[in-house]
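So the chains spell out like this:
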Amino acid sequence: MNYLLGAFKPACNISITFTDGKNRKQVPIKKDNGQIVMNPLFQSQETIAGKINIEPYQGKKVEHNGVKVELLGQIEMYHDRGNFYDFTSLVREIDVPGEIYERKTYPFEFSSVEMPYETFNGVNVRLRYVLKVTVTRGYAGSIVEYQDFVVRNYVPPPPINNSIKMEVGIEDCLHIEFEYNKSKYHLKDVILGKIYFLLVRIKIKNMDLEIRRRESTGAGANTHVETETLAKFELMDGAPVRGESIPVRVFLTPYDLTPTHHNINNKFSVKYYLNLVLVDEEDRRYFKQQEITLYRLKEETLS
Amino acid sequence: MIADDDEKWLAAAIAAVKQNAFYMQRAIDSNNLKDALKFSAQMLSELRTSKLSPHKYYELYMRVFNELGTLEIFFKEETGRGCSIAELYELVQHAGNILPRLYLLCTIGSVYIKSKDVTTTDILKDLVEMCRAVQHPLRGLFLRSYLAQVTRDKLPCIGSELEGDGDAHMDALEFVLQNFTEMNKLWVRMQHQGPSREKEKREKERNELRDLVGKNLHVLSQLEGVDLGIYRDTVLPRILEQVVNCKDELAQCYLMDCIIQVFPDDFHLQTLDVLLGACPQLQPSVDIKTVLSGLMERLSNYAASSVEALPNFLQVEAFSKFNYAIGKVVEAQVDLPAAGSVTLYLFLLKFTLHVYSDRLDYVDQVLGSCVTQLSATGKLCDDKAAKQIVAFLSAPLEKYNNVVTILKLTNYPQVMEYLDHETNKAMAIIIVQSVLKNNTHITTADEVDALFELAKGLIKDFDGKIDNEIDEEDFQEEQNLVARLVHKLYNDDPEEMSKIIFTVRKHILTGGPKRLPLTIPPLVFSALKLIRRLRGGDENPFGDDASATPKKILQLLSETVEALSDVSAPDVALRLYLQCAQAANDCELETVTYEFFTKAYLLYEEEISDSKAQVTALHLIIGTLQRMRVFNVENRDTLTHKATGYSARLLRKPDQCRAIYECAHLFWADEGENLKDGERVVLCLKRAQRIADAVQKMANASRGTSSTGSVALYVELLNKYLYFLEKGNSEVTGDTIQSLAELVRSETKKVESGAESFINSTLRYIEFQRQQDGMSEKYEKIKMEWFE
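Bear in mind that the values here come from a model prediction, so they are computed numbers and not experimental data.

Scoring rules and cut-offs
Residues numbered from 1 in each chain as written. Chains lettered and ligands numbered in written order. Predicted model: local features only at pLDDT ≥ 70, side-chain atom pairs only at ≥ 80, totals over all residues. Heavy atoms only, no water. Axes fitted to C-alpha atoms, helices over the stretch in contact; angles between N-to-C directions. Helix = DSSP H or I, 4+ residues; strand = E, 2+ residues; numbered from the N terminus. Parallel < 35°, antiparallel > 145°, perpendicular 65-115°, else oblique. Contact = heavy atoms within 4.5 Å. Nonpolar A, V, L, I, M, F, W, Y, C, P; charged D, E, K, R; others polar. Buried area = accessible area lost by both parts, 1.4 Å probe. Salt bridge = Lys/Arg side-chain N within 4 Å of Asp/Glu carboxyl O. Polar contact = N/O pair within 3.5 Å; in protein donor to acceptor, adjacent residues only side chain to side chain. Phe/Tyr/Trp six-rings, centres within 6.5 Å; stacked < 30°, edge-to-face > 60°. Buried < 20%, exposed > 50% of the residue type's maximum accessible area, 1.4 Å probe, protein only. Lys NZ or Arg CZ within 6 Å of the ring centre and 35° of its normal. Pairing = 2+ DSSP bridges. Domains from an automatic or database assignment.

Even after reading the chapter, I still don't get the packing of helix α18 (residues 338-355) of chain B against helix α20 (residues 383-400) of chain B, so can you show me in this structure?
The relative placement of two packed helices comes down to the angle between their axes together with the axis-to-axis distance. All names here are of chain B. For the pair α18 and α20, the least separation of the axes is 8 Å and the interaxial angle reads 10°. Considering their axes alone, α18 and α20 lie roughly parallel with respect to each other. Note on element contacts: α20 touches α18 through Lys 384, Ala 385, Gln 388, Ile 389, Ala 391, Phe 392, Ala 395, Pro 396, Lys 399 and Tyr 400, opposite Ala 338, Ala 339, Val 342, Thr 343, Tyr 345, Leu 346, Leu 349 and Leu 353. Partitioning the contact of α18 with α20 into residue classes produces 14 nonpolar, 2 polar and 2 charged.

Just to check I follow, could you spell out the interface of chain B and chain A for this structure?
Interfaces are often described in size by the accessible area the parts lose on coming together. The interface is formed by 22 residues belonging to chain B together with 20 residues belonging to chain A. Of the roughly 1,800 Å² buried between chain B and chain A on both sides combined, carbon and sulfur atoms contribute 46%. Three residues stand out in chain B for area buried against chain A, namely B:Gln93, B:His94 and B:Gln135, and they jointly supply 26% of the buried area on that side. Counting across the chain B and chain A interface gives 6 salt bridges. B:Arg132 serves as the salt-bridge partner of A:Glu244, at 3.1 Å between the closest nitrogen and oxygen. Counting across the interface, chain B meets chain A through 14 residue pairs in polar contact (both at pLDDT 80 or more). Every element with two or more residues in the side of chain B that touches chain A is listed here: α4 (85-91), α5 (98-115), α6 (120-130) and α8 (168-189) of chain B.

Would you mind going over the packing of aromatic side chains with me for this structure?
Given two aromatic rings, their pairing is described by the distance between the two centres and the angle made by the two planes. Applying the stated criterion across every chain, the model contains 33 aromatic pairs over all chains. An angle of 90° between the planes, with centres 4.9 Å apart, marks the rings of B:Tyr356 and B:Tyr362 as edge-to-face. For the pair B:Tyr356 and B:Tyr362, one class covers both residues: buried. By way of ring pairs, the aromatic residues B:Tyr57, B:Tyr58, B:Tyr61, B:Phe65, B:Tyr103, B:Phe142 and B:Tyr146 are connected into one cluster. Positioned above the aromatic ring of A:Tyr146, the side-chain terminus of A:Arg128 is 5.9 Å from the ring centre.

Is there a simple way to think about the sheet that holds strand β4 (residues 48-56) of chain A in this case?
Residue and element names in this part refer to chain A. An order of β1-β4-β9 is seen for the 3 strands of this open sheet, with the pairing classed as antiparallel. Of all the strands in the sheet, just β1 (12-18) and β9 (104-110) have a single pairing partner and so form its edges. Between one strand axis and the next, the sheet turns by 20° as a mean value, whatever way the strands run. Looking at chain direction, β4 and β9 are connected through 7 bridges and run antiparallel. Among the inter-strand pairings, Asn 53 is bridged to a residue of β9, identified as Thr 105.

Please explain the domain arrangement of chain A as it appears in this structure.
All names here are of chain A. One can read the domain layout of chain A as domain 1 (12-151) and domain 2 (164-295). Distance between the C-alpha centres of domain 1 and domain 2: 40 Å. Facing 14 residues of domain 1, the contacting portion of domain 2 comprises 15 residues. Each partner contributes to the roughly 1,300 Å² buried at the junction of domain 1 and domain 2, and carbon and sulfur atoms together form 72% of this total. Interface area lost by domain 1 to domain 2 is led by Phe 120, Val 123 and Asn 124, which between them contribute 37%. The tally of links from domain 1 across to domain 2 stands at 0 salt bridges. Going through the elements one at a time, β6 (67-77), β7 (84-95), β10 (120-121) and β11 (125-135) are the ones with two or more residues in the side of domain 1 that touches domain 2. Its residues placed into classes, the side of domain 1 that touches domain 2 shows 9 nonpolar, 4 polar and 1 charged.

Is there a simple way to explain the sheet that holds strand β16 (residues 190-200) of chain A in this structure?
By way of backbone hydrogen bonds, the strands of a sheet pair with one another, either parallel or antiparallel. Residue and element names in this part refer to chain A. As summarised here, the arrangement of the 4 strands in space is β13-β14-β16-β19, forming an open sheet in which the pairing is antiparallel. Strand pairing shows two members of the sheet lacking a second neighbour, β13 (164-170) and β19 (245-251), which therefore form its edges. The sheet shows a mean angle of 20° between the axes of neighbouring strands, direction not considered.

I tried to follow the pairing of strand β12 (residues 143-151) of chain A on my own but got confused; where do I start?
In the case of a regular strand, side chains alternate between the two sheet surfaces. Residues and elements named next belong to chain A. Examined bridge by bridge, strand β3 (residues 36-42) and β12 share 2 bridges and lie parallel to one another. Along β12, the bridge assignment pairs Phe 42 with Val 151. The pairing of β11 with β12 spans 7 bridges and is classified as antiparallel. Of the residues in β12, the one forming a bridge with Val 130 is Asp 148.

Below is the structure:
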């Protein structure tokens, strides 16, 4: 049996390590099977370098037609399963055809890689970056090893960042004015604001602020839109009277947010909305949704 | 059913609180911040319930409150372990539900303040602002109450270690004021929660929560650095603004009271116009009198407790401010029942009496204001108002204990005008009783006039209406008071005293038939007392034209007593005439005396028909007449003759007999030699004896019925003879006495007379007198064996 098992085992063990793998920041990523693994974090224009170890199993040799390493940026649509769109693809040949008898280490380097998009795990779409090592073989089939890594891109604070201010209402029933201090928030930002009640003729039970993510994939007739509520934050308990103003203060830190993505590679978009919801005593909901832009602020500019 | 559910929910909530508190404690013990926050938030979530009544909610709140204490300590330790408090402050705000979030925020906020990492003010501002998010009245109220509770000992104030910059205490003030305002709003709003049919119950529950709101005012009063200036310029206006604007009866009533109770007296005094200015703006249904009375009572006590405060009262013109404010309140509250407004004035009056006891003009002003008010409502009819007004009018009496002072209050009688008869009488009784109790000296006619004007209720009937339902005993008791009052009036100066009598007479004569018999006698006796005094003072210093001559007074009395005969009280009138006659006699006014006797005789003839009354009256006439010395022979003869004539015409023989032997005295006066007509004395006695004989005959004719009468009469006659014998009447002979003695002896032998003891004591007397030095010769005429 041992013999048989041995026959189906891959002939070698491939491992990929990054040059500064020990010091590099690791971020958790959810895999397909729901497991959370830690992956190293990069950003665009970084050099991605490291070593690849190929170690044949005891007493075996690996005959190959060459070894290569690829850096791939892929967009995977779940409803179009199995189809990957590579928007970035870089290849390095690291070995010429031959045989490997013992552990062998190849250094590799992709310098200043352009990685415009961020890693993203959505409902219907996934954008991932991966290093793919292929030991090409003829008849026996190639040996492939993947190593995911995460890309996050930081942007400076936007020069223009207006507040969101709006008066909404239902005639003779409810009139409110709300104000959020900005229209663009970074991911560790705080939403500050005020809800001002101009007219209240309904019996309000409570008021929540929801953070919603709208993910649209595909284009044209095949567009799929998925909306998730990522946060439900109670702003007010009870019924206010006319003239009352309710403070808004929502910390974004605890929520799993990403920056807003616009039309990534013509494949998908991710937008964020603040949804102000008023619930009356008969559980009717009155809401107003406002788009906000989320961005990832450079760490060092965070005060 | 509902109560049961209430219990059930409370039990469930408490169980959940306990459980989460347990987990929280465990997390705290293992320094697990994340879990501690998680479980504390879950525990706090129990407070989100809407199912509990305020009472039960309070119970739940207290449980949670206790648990939060541990959390606070944990936060404190956590910051000691290097966890940034600012981070914690943010962290707790991640809680999704508002209520747990804010409770946690308040808890960490209080730690934050203590840590002095940031300015206290910023945190306080943030907390009080964030708490706006809870608009549910009950939950909001408790949340803010929690906020007030945890920050209470951390408020910055002058001298405290937490003091930041100079404005810190102002910020603290601002914080408390704002929290108060918001709490009050929530509290007021509670009444609108839920169905209107349960409104009453809800108001009751709401009332139970009032101290949560009131506590803020208490905190304000305890804040250091709140001096008079700040109180006047900031604190009070802000509180009052809220109180007035909330337009809620319950809240206004309670909060006004709170303000009055928690802040120092001196503050009230200095801000009186502001505080009072708010009163007319309150809801009409607010029980302002309680509020104002509380204030006035407090200030009264203040005035009483410190003498130094008194000048302040004057300085701020507390009185006129109160007076004005009450006027405004009454004006503003059109529906205020009379009882209410009177009560207000009552308290003002009490205040005035306390603070300005020497300012009668103020007291009078209060009365005046009350009159003005009453003139709008007319006579008071309801019991409550009457009761209040009696208290109102009694207050100055109790204070000054002197009716004379009251009489100076020009508005006092005017207030009494508005009382109904019953109340007016009751008030009159109180006034009179005060005079009697305090032994007040009322010394001038003007005062007397005013006093009787006040006591009108007792003196006369109203509108000629006679209330038949009055209890006779009560009535007599009341008139007794009047009588006692009349005796109290006294002035050393006869001139003034006579004026007093004239005045009293004027009032008393209006009393009507029921009162006169009871009230005229004291007047007459009071006047007689004066006459006696005038006589004692030898000369009349005023000459004849003065009003205080005995003659004039007697003249007046004559007229006064005549009024009595008109109201069918002839016996009283008769006695009074005789009393007057005696006084006139003492003043040696013969014609006047004669006049009085004439009147007495006329009364006897015309009015007194009852035989028993006749006997009594006659004896009185005889007794009085006997003592008259002013008459010349002619007048005396006429009167004596008349009296004897009346005696002979009495109905019953024994009465005739007795009256006639009494008449014998009329011919024998000890003093005047010309009045010793021994012959006529014996004639009278003989005549009496004849009548006694007739009585005896009648008795013999109908033996067994009135057998004893004649014997007693004989013995009485015997005694009369002895009397005149002793007085030296030479006409009294041994024969007469002997025959009488025989009669007595024979009569006693015939029948058991029942007069033995009388006879025996008479005999003993004779025996005794025989042995006396001066008497023995006179008694020689009498032989003891006659009687054996």
